[in-house]
Amino acid sequence: MPGTEADDPAHRPVRCGMCGRPLTGTASRRTGLGPACDAKLHPPAPDIRTRRREAEQDPLPGI
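All residue numbers refer to position in the chain's written sequence, counted from 1. Thresholds applied to this predicted model are a pLDDT of at least 70 for local features of residues and 80 or more for the giving and counting of side-chain atom pairs; totals over whole chains, interfaces and linings are not thresholded and use all residues. Side-chain measures here rest on the full set of heavy atoms in the structure, leaving out hydrogens and waters.

Strands are runs of DSSP state E lasting at least two residues, helices are runs of H or I lasting at least four, and both sets are numbered from the N terminus onward. When you go through the chain residue by residue, the secondary structure sums to three helices and two strands. Ordering the α and β elements of the chain from the N terminus gives β-β-α-α-α. Counting every position in the chain, which comprises 63 residues, the buried fraction comes to 10%. When checking whether two residues touch, look at their non-hydrogen atoms; a contact exists if any pair is within 4.5 Å. By sequence separation, contacts in the chain at least 24 residues apart represent 0% of the contacts at least 6 residues apart. Using a 1.4 Å probe, accessible areas were evaluated by the Shrake-Rupley method; residue-level cover was limited to the displayed protein chains. Surface summary for the chain: the accessible area is close to 6,100 Å², and the carbon and sulfur share equals 55%. Summary of the burial criterion: residues with accessible area below 20% of their type's maximum are buried, those above 50% are exposed, and those between are partly exposed, where the area comes from a 1.4 Å probe applied to protein chains only.

Okay, structure coming up:
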């Protein structure tokens, strides 16, 4: 029946494309993935500062 909640796209049940759980958040519904599944597919970039280490160097002559 038109005008009921079942026909409203904002209330239509959307499921995660990876695990099948119902999606409730707007961003999750837009991407089709829940937050946990999205984090599995798109892990955060590594922090470059944690990979750096100090190198021992001899002083430059003349400085």
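Turning our attention to the state of the cysteines. When two cysteine sulfur atoms lie within 2.5 Å, the pair is treated as a disulfide. For the structure shown, the criterion picks out zero disulfides. Unpaired in terms of disulfides, C16 finds its nearest cysteine sulfur in C37, a separation of 3.7 Å. Left without a disulfide partner, C19 is nearest to the cysteine sulfur of C16, which lies 3.7 Å away.

The subject of this paragraph is the confidence of the model for the chain. What pLDDT expresses is the predictor's confidence in each residue, scored from 0 to 100. Confidence along the chain averages 80 in pLDDT terms, with 73% of residues attaining 70 or more. Considering each helix and strand of the chain separately, the mean pLDDT is smallest for helix α3 (residues 48-51), with a value of 63, and largest for strand β2 (residues 22-23), with 96.

We now examine the side chain of S28. For S28, the location among the structural elements is in helix α1 (residues 26-31). The class for S28 is buried, based on a relative accessible area of 14%.

Counting through the fold element by element, M18 comes out in the loop between β1 (14-15) and β2. Assessed through its relative accessible area of 43%, M18 is described here as partly exposed. Sequence-wise, M18 and A36 are 18 residues apart; in three dimensions their C-alpha atoms are separated by 9.9 Å.

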